[in-house]
Amino acid sequence: MQEKKLNKAVSDVKLMKTPEGKTEVKNAVKDATKKVESKVGDVAEAAAKKAEVEVKDPVKKVEIETKVPAKKVAVKAEAPSKKEVAEPQIAVKQDIPMEQPDLGPRRSVAFIGSECYPFVKTGGLGDVMYALPKALAKLNLDVKVILPRYKCIPQKYQEKMEYRGSFYMDLCADGKQYYVGIMEYQEDGVVYDFIDNDEFFSWGDPYTNLIDDIPKFCYFGKAALAALNYLDWTPDIVHCHDWQAALVPLYLRTCFSDTNVGRAIAVLTIHNLRFQGVYDRKTIQYWSGLPDYVFNKDCMIQNWLDANMLKGGITYSNKVTTVSNTYAWEIQTEEYGEGLEEHLRYHNNKVLGIVNGIDTDIWNPATDKLLASKYDAESAIKNKKANKKALQESLGLDVDDNKMVIGLISRLTNQKGLDLVNDVIPGIMDGNTQVVVLGTGDAQYEDTFRYYEDKYKGSFCAYIAYNENVAHNIYAGCDALLVPSRFEPCGLTQLISMRYGAVPIVRETGGLKDTVQPYNAFENTGNGFTFDRYESGLLYDAINRAKTLYFENRVYWDDMVVRDMNKDVSWEQSAKQYKDMYVELTPRY
C-alpha cells in the first residue's frame with residue numbers, strides 16, 4: 001500500500017509542469033514526503049530508484065539530488081532543504097561603474113589677480129589667469145578665481161553673474177569701511193568671483209595711474225580674502241599674481257591670521273618684475289591698514305621713503321614663482337633684478353620657475369575659423385600657402401609665394417627689442433622678404449614702422465592696432481616670427497607661432513630661451529633661430545641664417561615647421577608642476 005502511494009507521488013512529480021514548460025519541483029517533493037511518514041525500508045529504497053526526476057526544457061536541466069552512494073535522487077522521509085533543490089537561475093544585468101583614473105591628491109586653490117581672459121585682458125597675465133585654472137581643474141583641484149568687477153567687462157558676462165552676497169569691510173588705517181559685493185560666474189569647472197565696488201572699479205580700464213591704482217588694489221587684496229571668509233570657502237593655497245595682488249600674503253599673516261583663510265599657504269607669481277607697485281610709504285600704509293612692523297627695509301620699505309608692494313609680497317609668501325626657469329635665475333642678477341636682485345637672492349630658496357603654456361583649444365590651426373585654410377602638422381606645408389596668399393592680399397603686400405614673410409606681433413615698447421628691429425629693417429628688405437608688424441605702443445615706434453611701410457610699399461605692412469583676427473592670420477600666413485626682446489619673463493608669442501608652424505627668431509632670454517631650441521644645421525634639429533647678446537648685428541645674423549635655410553634648403557625648413565607644430569606647448573605639463581608644488585606645500589599626514 002505504501003509502495004503504491006509512493007509511486008503515485010513520483011508520478012505526480014513527473015507530470016506537474018507549468019504552461020511555460022517548467023516543473024514545480026518543490027511542491028511535488030513536499031507532498032511526497034508528507035505521505036511517507038513510516039519506515040519504508042527496502043520498499044522505499046526500491047521506490048526511490050524510480051523517483052529519478054529529470055525535467056528537461058529547451059534551455060535548462062533541473063535535477064533533485066540527495067546524498068546516496070549511487071548519487072541518484074532519493075525521496076526520504078525528511079523534507080529536503082531549500083539548497084538541495086536546484087532552481088533555474090535568471091541572469092541579472094548589473095551596471096558596473098568604470099574605473100576612474102587616479103588624478104592624485106585633491107587641493108583647493110584661490111587665484112587672486114587683476115585680469116583674466118575673456119573678461120578683461122591687457123597682457124600675458126590675463127591668459128595665465130584663464131588657462132591655468134582650467135588646466136588645474138582637470139587635475140582634480142578645486143579652483144576659484146577672484147577678480148575685480150570692472151565696468152569694462154563685456155555685458156554678456158555681466159548678465160550671467162549671480163549675486164552671492166555683500167558686506168562692509170574695514171580698510172584704511174583709520175577704520176574707514178567700504179562696501180564689498182560678490183558676483184559669481186562659472187565656466188569649465190572654474191568658479192569666478194568678482195569683487196564689486198563702483199568707487200574703485202567704475203573706471204573704463206583696469207589700470208589708470210599709480211595714484212588711483214594703489215588704493216584700488218589695496219582694497220582688492222583685502223576684499224578678496226574677506227570674501228573667502230564670507231563665503232565660508234577656505235582654500236589650501238592662495239595663489240596671487242603680480243604687484244596688484246602682492247599685499248595678499250601680508251594680509252593673510254596679519255589682518256586675517258586668526259580667521260579660517262589665514263591658515264592658507266601663500267604663493268606669489270611674478271609675471272613681470274619691472275612693475276612692482278612702488279609708492280609713498282604713508283599712502284600705502286594708510287590704504288592697506290597694515291601694521292607698522294611690516295614697513296621695514298627687509299619687507300616693504302624701499303629707498304627709505306617709499307613702500308614696495310611686490311617686495312612685501314615676496315617676503316611674506318611661502319613660495320615665489322616666475323613664468324620660466326631662466327627668468328627665475330635672471331631676476332636675481334643686477335641686469336634683470338630691477339632693484340630687487342639682492343632681496344630675491346636672500347629669498348632664493350623659495351623661488352621657482354615654471355614655464356607658461358597656451359590654450360591649445362583657442363590656438364589651434366586645425367579648428368581656427370579665422371583662417372583662410374585650416375591645417376594640422378600633416379597638411380601644414382600645403383595649406384599654409386593658402387593662408388600666406390590670403391595674408392598678402394588682405395594687408396596690401398605683393399602676392400608672391402616665393403617671398404619669405406616675417407611677422408612681428410608685439411606691444412611697441414623698448415622691452416620688446418624694437419630698437420634692434422629698427423636697425424635691421426633696411427638690411428633685410430632685399431626684394432625677397434616681406435615684413436608685417438601688428439601692435440600699438442610708443443609713438444616713436446609707431447611712426448617708424450609707418451615710415452617703413454611708405455618706403456617699402458608692397459613689402460612692408462604696419463598695422464598699428466591690435467586686431468585678434470589679423471593676429472591669427474599673421475601666425476598662420478607668415479613663415480617666421482620675430483621676438484627679439486630685451487627681456488621676456490616667458491612670452492606667449494613664440495609658443496603660438498610654433499603651434500601655427502611659423503618658425504620663431506628669438507633672443508636667448510627668459511622663457512624664449514626655455515622654449516626655443518636653436519636650429520642645428522648638422523643634425524637638422526631645433527625649432528627656431530636664436531641669438532644671445534642684445535645687439536642688432538646678432539639679430540641681423542639670426543634673420544639671415546633663417547633666410548638662408550628657407551631659400552636654399554626648403555626640405556629642412558619644412559621639417560622644422562612640422563617639428564614646431566608637434567611640440568607640446570599646452571598647459572598640461574606646467575599644470576602638473578603647479579599641482580606638485582601645491583601638494584608639496586600642503587602635506588597631509
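As a starting point, this report considers the structure included with it. (Residues numbered from 1 in each chain as written. Predicted model: local features only at pLDDT ≥ 70, side-chain atom pairs only at ≥ 80, totals over all residues. Heavy atoms only, no water.)

1. Side note on the environment of Gln-186
Part 1 of the reasoning: Along the polypeptide, Gln-186 turns up in strand S6 (residues 177-187).
Part 2 of the reasoning: Among the residues examined, Gln-186 registers a relative accessible area of 55% and is labelled exposed.
Part 3 of the reasoning: Taking the C-alpha atoms as reference, Gln-186 lies 9.9 Å from Val-145; in sequence the two are 41 residues apart.
Part 4 of the reasoning: Of the polar contacts made by the side chain of Gln-186, one reaches the side chain of Glu-184; its length is 3.2 Å. (Helix = DSSP H or I, 4+ residues; strand = E, 2+ residues; numbered from the N terminus. Buried < 20%, exposed > 50% of the residue type's maximum accessible area, 1.4 Å probe, protein only. Polar contact = N/O pair within 3.5 Å; in protein donor to acceptor, adjacent residues only side chain to side chain.)

2. Some words on the pattern of salt bridges
Part 1 of the reasoning: Tallied over the entire structure, the rule returns 20 salt bridges.
Part 2 of the reasoning: Between Asp-398 and Lys-403 there is a salt bridge whose closest N-O contact spans 3.7 Å.
Part 3 of the reasoning: Judged by relative accessible area, Asp-398 falls into the partly exposed class, the value being 37%.
Part 4 of the reasoning: Among the residues examined, Lys-403 registers a relative accessible area of 12% and is labelled buried.
Part 5 of the reasoning: Between Arg-533 and Glu-535 there is a salt bridge, with the nearest N and O atoms lying 3.1 Å from each other.
Part 6 of the reasoning: Judged by relative accessible area, Glu-535 falls into the partly exposed class, the value being 36%. (Salt bridge = Lys/Arg side-chain N within 4 Å of Asp/Glu carboxyl O.)

3. Some words on the sheet that holds S6
Part 1 of the reasoning: Judged by pairing direction, the sheet is mixed, and its nine strands sit side by side in the order S5-S6-S7-S4-S3-S8-S9-S13-S14 without closing on themselves. On the outer flanks of this sheet lie strand S5 (162-170) and strand S14 (351-353), each paired with one strand and no other. On average, adjacent strands in this sheet sit at an angle of 25° to one another, irrespective of strand direction.
Part 2 of the reasoning: Along the sheet face, helix H4 (residues 124-137) touches strand S3 (108-112), strand S4 (142-148), strand S7 (190-196) and strand S8 (237-241) and points at about 160° away from the line of S4.
Part 3 of the reasoning: Packed onto the sheet, helix H7 (residues 210-230) meets S3, S4, S5, S6, S7 and S8 and runs at close to 120° relative to S5. (Pairing = 2+ DSSP bridges. Axes fitted to C-alpha atoms, helices over the stretch in contact; angles between N-to-C directions. Contact = heavy atoms within 4.5 Å.)

4. A short note on helix H13 (residues 380-394)
Part 1 of the reasoning: Taking 1.5 Å per residue as the helical rise, H13 with its 15 residues ought to reach 21 Å, and the 20 Å between its terminal C-alpha atoms agrees with that figure.
Part 2 of the reasoning: Within H13 the residues assigned to the buried category are Ala-380, Asn-383, Lys-384, Asn-387, Lys-388, Leu-391 and Gln-392.
Part 3 of the reasoning: Considering only its buried residues, H13 is in contact with strand S15 (404-409), strand S16 (433-438), helix H16 (468-477), helix H19 (536-552) and helix H20 (554-566).
Part 4 of the reasoning: Just beyond H13, the residue with positive phi is Gly-396, at close to 75°. (Expected span 1.5 Å × (residues − 1).)

5. Notes on the nonpolar core
It is characteristic of soluble globular proteins that their nonpolar side chains tend to be buried jointly.
Part 1 of the reasoning: With 100 residues, the main nonpolar core has Ile-112, Tyr-192, Tyr-219 and Leu-225 as its most contacted residues.
Part 2 of the reasoning: Per element, the largest residue contribution to this core is 11 residues, and it comes from H7.
Part 3 of the reasoning: Not counting chain neighbours up to four residues away, the residues in contact with Leu-225 comprise Ile-112, Val-238, Val-248, Tyr-251, Leu-252, Phe-256 and Val-261.
Part 4 of the reasoning: Judged by nonpolar contacts, the second largest core, of 70 residues, contains Leu-397, Met-404, Tyr-475 and Ile-496. (Core = buried A, V, L, I, M, F, W, Y, C linked by side-chain atoms within 4.5 Å.)

6. Here's the deal with the pairing of strand S9 (residues 265-270)
Part 1 of the reasoning: Where burial is concerned, most of S9 is hidden: six out of the six residues are buried.
Part 2 of the reasoning: Where burial is concerned, the two faces of S9 agree: the one with Ile-265, Val-267 and Thr-269 and the one with Ala-266, Leu-268 and Ile-270 are both buried.
Part 3 of the reasoning: Sheet analysis places S8 next to S9, joined by five bridges and oriented parallel. Bridge assignment links Ile-237 to a residue of S9, and that residue is Ile-265.
Part 4 of the reasoning: For S9 and strand S13 (residues 319-322), the ladder comprises four bridges, and the chain directions are parallel. The residue bridging Val-267 from the neighbouring strand is Lys-319, located in S13.

7. Thoughts on H7
Part 1 of the reasoning: Between its terminal C-alpha atoms H7 stretches 29 Å, which fits the 30 Å expected from 21 residues at 1.5 Å a residue.
Part 2 of the reasoning: Counting buried positions along H7 gives 16 out of 21 residues, so the element sits mostly inside the fold.
Part 3 of the reasoning: Just beyond H7, the residue with positive phi is Asp-232, at close to 55°.

8. Points about the layout of surface pockets
Part 1 of the reasoning: Roughly 350 Å³ of internal volume is contained in the second largest pocket.
Part 2 of the reasoning: At three residues, helix H12 (residues 341-346) tops the list of elements feeding residues into the lining of the second largest pocket.
Part 3 of the reasoning: Partitioning the lining of the second largest pocket into residue classes produces four nonpolar, six polar and four charged. (1 Å grid on protein atoms, 1.4 Å probe; cavity = no way out; pocket = protein on both sides within 12 Å on 5 of 7 lines; lining within 4 Å. Points joined across faces, edges and corners; volume = space filled by probe spheres on them. Nonpolar A, V, L, I, M, F, W, Y, C, P; charged D, E, K, R; others polar.)

9. What to know about the environment of Ile-112
Part 1 of the reasoning: Residue position: Ile-112 is located in strand S3.
Part 2 of the reasoning: Discounting residues that sit within four places of it in the chain, Ile-112 has contacts with Met-129, Ile-146, Phe-220, Ala-224, Leu-225, Val-238, His-239, Cys-240, His-241, Ala-245 and Val-248.

10. Some thoughts on unusual backbone geometry
Part 1 of the reasoning: At the junction of Tyr-117 and Pro-118, the peptide bond is cis and its omega measures out at 5° in the coordinates.
Part 2 of the reasoning: With respect to the helices and strands, the residue Pro-118 is situated in the loop between S3 and H4.
Part 3 of the reasoning: The backbone phi angle of Asp-232 is positive, close to 55°, even though this residue is not glycine.
Part 4 of the reasoning: You can see Asp-232 is positioned in the loop between H7 and S8.
Part 5 of the reasoning: With a relative accessible area of 57%, Asp-232 lands in the exposed category.

11. Some remarks on the sheet that holds strand S12 (residues 306-308)
Sheet strands associate in pairs through backbone hydrogen bonding, adopting either a parallel or an antiparallel arrangement.
Part 1 of the reasoning: One open sheet accounts for three strands, arranged S10-S12-S11; its pairing is antiparallel. One side of each edge strand has no neighbouring strand; the edge strands of this open sheet are strand S10 (278-280) and strand S11 (301-302).
Part 2 of the reasoning: Bridge analysis of S11 against S12 gives two bridges, and the strand direction is antiparallel. Pairing of Ile-301 across the sheet is with Ala-307, part of S12.

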